Amino acid sequence: TSVLFLTLLLLFLALFPGAFNCCTKVSDEIPKGILRRVERFEIQKAAGLCHLEAIILYIEGRKFCVSPRIRKVKKWMKKNKHKIPRKKNHGKKQRRIKIIKKKQ
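These numbers were taken from a predicted model, which means no experiment stands behind them.

## Observations regarding the overall build of the chain
Piece 1. The helix and strand tally for the chain stands at two helices and three strands.
Piece 2. Within the span of the chain, comprising 104 residues, buried residues form 26% of the whole.
Piece 3. Counted over contacts in the chain with a minimum sequence separation of 6, partners at least 24 positions apart contribute 47%.
Piece 4. Total accessible area on the chain stands at roughly 9600 Å², and carbon and sulfur atoms take up 57% of it.

## Overview of the pattern of salt bridges
Piece 1. All chains considered together, the criterion is met by three salt bridges.
Piece 2. Among the salt bridges present, the one from R37 reaches E60, with a minimum N-O distance of 3.8 Å. In this pair, R37 sits in the loop between α1 (2-15) and β1 (40-44) while E60 sits in the loop between β2 (54-59) and β3 (62-66), placing the two residues 23 residues apart along the sequence.
Piece 3. Given a relative accessible area of 45%, R37 falls into the partly exposed group.
Piece 4. The partner of E42 in a salt bridge is R40, and the shortest N-O contact between them spans 3.3 Å.
Piece 5. E42 sits in the buried class, given a relative accessible area of 13%.

## A few points about the nonpolar core
Piece 1. Of all hydrophobic cores here, the largest spans 13 residues; its most connected members are I30, L35, L57, V66, V73 and W76.
Piece 2. With five residues, the next largest nonpolar core counts A54, I56, Y58 and C65 among its residues.

## Things to note about the side chain of E42
Piece 1. Structurally, E42 can be placed in strand β1.
Piece 2. For E42, the side chain forms a polar contact with the side chain of Y58, separated by 2.8 Å.

What counts, and where the lines are drawn
- Within any chain, residue numbers begin from 1 and follow the written order of that chain's sequence.
- Under the rules for a predicted model, residues below a pLDDT of 70 receive no local features and side-chain atom pairs below 80 are neither given nor counted, while totals for whole chains, interfaces and linings still include all residues.
- Side-chain metrics in this entry use all non-hydrogen atoms of the structure; hydrogen atoms and water are not considered.
- Strands here mean DSSP runs of E at least two residues long; helices mean DSSP runs of H or I at least four residues long; both are numbered from the N terminus.
- Here's how the labels work: a residue is buried when its accessible area is under 20% of the maximum for its type, exposed when over 50%, partly exposed in between, all with a 1.4 Å probe on protein chains only.
- For this analysis, residues touch if any pair of their heavy atoms sits within 4.5 Å.
- Residue burial considers only the protein chains on display, and all accessible areas are found by Shrake-Rupley using a 1.4 Å probe.
- Here a salt bridge means any side-chain nitrogen of Lys or Arg lying within 4 Å of a carboxyl oxygen belonging to Asp or Glu.
- In this text, buried Ala, Val, Leu, Ile, Met, Phe, Trp, Tyr and Cys residues form a nonpolar core when linked through side-chain atoms within 4.5 Å.
- Two N or O atoms form a polar contact when they lie within 3.5 Å of each other; inside protein one atom must be a possible hydrogen donor and the other a possible acceptor, and for residues adjacent in sequence the pair counts only when both atoms belong to side chains.

Below, the structure written as structure tokens:
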């Protein structure tokens with residue numbers, strides 16, 4: 001049974017690599033001055049594997065999960081959205097392919 005469990009766990013990890021990167025709890029408060037040290041951020045939607053809306057702040061290799069409803073965070077994101085890199089979503093976007101018809 002342990003071999004079966006391990007096989008299923010590895011299969012799950014292969015199919016859903018982001019499953020264990022989700023925030024499971026968020027803070028409703030943020031320490032003073034922490035936003036100045038943010039290196040990048042992600043927006044976690046309450047869809048798919050992650051069932052909680054959160055803003056993930058990365059500071060010195062650590063991640064902090066905060067509520068997207070914090071007024072200070074909303075204001076900071078609006079002000080800094082072009083200055084701080086935001087990690088791209090893992091969802092695949094289809095590229096538009098331009099089809100050029102050859103003249104005959």
